[in-house]
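Here is how the chains run, residue by residue.
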Amino acid sequence: MQKRIAAIHDISCFGKCSLTVALPIISAAGIETTVIPTAILSTHTGGFKGFTFCDLTSEILPVANHWKSEGISVDAVYTGYLGSKEQIEIVMKTVDIIKEKDGILIVDPAMADNGKLYVGFPEDFPLEMLNLCKMADIIVPNITEAAMLLGIPYKEGPYDKAYIEDILIKLSEVTNSKVVLTGVWFEETKLGAATYENGKIEYCFSERINTLYHGTGDVFASALVSSLLNGKGLKDAAQIAVDFTCGSIKKTQLLRPNDKYGVCFEAEIPNLIKELEL
């Protein structure tokens, strides 16, 4: 049977992030990808001015309830950027409505980076996001988000293993979830992720490219989800996602070196399919 997932994110009509990344990547991996949009923006918010914004908070539960009335459910739910504490509360209810009893919830607590909350979020926003993370089977924070979920100081890299492993263990204890921590690096030449599952810590690295592109977190998480739903274990799924993200950045540098427009992940999808052995 084909797996079905619900991706709950915003839509940026231009600029590769959120649903415009999740939908093509996960669909290409052979998974039926349904969507519940939380907002529509004319562009993403990184580097563009005067973008339009349409809040769809009031539509989330009606969509879920309609699915329920039609007997529609999903094997997995994948959440990303949520624009308010109210949306988090509504999404928690939505998960209970649409997810199969034995389905999984994967939460990317997209709310902060480089030591700071995204613009517009109140200081107590991480506490509400933590409630959603406690429902999750797997959480995929970056190091800033992980520190905020735990209420501990954020440190800039390169990191030491003691700091990373303390975060992984404490996050798992607080949320009772498996953890994939992104943005991990111990040396200048390698960047990747760390996983924590059943008391075991593992690392996944690829080449560290000293360039910032908008939406790479969504690219990583979508590839991770694609791998997990195709039967890969957590560590292998994280390595595939690390390699896919790195490959997408390299393709972007060759095809269109404009950091504001996101990464050319489309050109890297054939390699993802090969790694998934589809």
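We now turn to the structure provided with this report. Everything numeric in this text was worked out from a predicted model, so none of it was measured.

Basis of the calculations
- Residues numbered from 1 in each chain as written.
- Predicted model: local features only at pLDDT ≥ 70, side-chain atom pairs only at ≥ 80, totals over all residues.
- Heavy atoms only, no water.
- Helix = DSSP H or I, 4+ residues; strand = E, 2+ residues; numbered from the N terminus.
- Rg over C-alpha atoms; globule rule 2.2 N^0.38 Å.
- Buried < 20%, exposed > 50% of the residue type's maximum accessible area, 1.4 Å probe, protein only.
- Contact = heavy atoms within 4.5 Å.
- Areas by Shrake-Rupley, 256 points an atom, 1.4 Å probe, with all protein chains shown as cover.
- Lys, Arg positive; Asp, Glu negative; His and termini not counted.
- Charge placed at Lys NZ, Arg CZ, Asp CG, Glu CD.
- Phe/Tyr/Trp six-rings, centres within 6.5 Å; stacked < 30°, edge-to-face > 60°.
- Lys NZ or Arg CZ within 6 Å of the ring centre and 35° of its normal.

Description of the overall build of the protein chain
Thought 1: Along its length, the protein chain carries nine helices and 11 strands.
Thought 2: Its C-alpha atoms give the protein chain a radius of gyration of 17 Å, near enough to 19 Å, the size a compact globule of 278 residues would have.
Thought 3: A principal-axis box enclosing the C-alpha atoms of the protein chain has dimensions of 50 × 45 × 40 Å.
Thought 4: The 278 residues of the protein chain split such that 50% are buried.
Thought 5: For the protein chain, long-range pairs separated by at least 24 residues make up 69% of all intrachain contacts whose partners lie at least 6 apart in sequence.
Thought 6: On the protein chain, roughly 12700 Å² of surface is accessible, and the fraction owed to carbon and sulfur atoms is 51%.
Thought 7: The averaged location of the 36 negative side-chain charges in the protein chain is 3 Å from the averaged location of its 25 positive side-chain charges.

Examining the packing of aromatic side chains
Thought 1: Under the counting rule described, the total for this entry stands at 11 aromatic pairs.
Thought 2: Between Phe-186 and Tyr-203, the ring centres sit 5.3 Å apart and the planes meet at 75°, which makes this aromatic pair edge-to-face. Of this pair, Phe-186 sits in strand 9 (residues 178-187) while Tyr-203 sits in strand 11 (residues 200-207), and the two are 17 residues apart along the sequence.
Thought 3: On the basis of relative accessibility, which here comes to 17%, the residue Tyr-203 falls in the buried class.
Thought 4: Ring geometry for Tyr-203 against Phe-205: centres 6.0 Å apart, planes inclined by 5°, an arrangement best described as stacked.
Thought 5: Residue class for Phe-205 comes out partly exposed when judged on its relative accessible area of 26%.
Thought 6: An aromatic cluster is built from Tyr-81, Tyr-118, Phe-121 and Phe-125, whose rings are joined through pairwise contacts.
Thought 7: The aromatic ring of Trp-185 is capped on one face by Arg-208, whose charged end is 3.7 Å from the ring centroid.
Thought 8: Here the basic side chain of Lys-260 rests over the ring of Phe-48, its NZ or CZ set 4.7 Å away from the ring centre.

The analysis is restricted to geometry; functional conclusions fall outside its scope.
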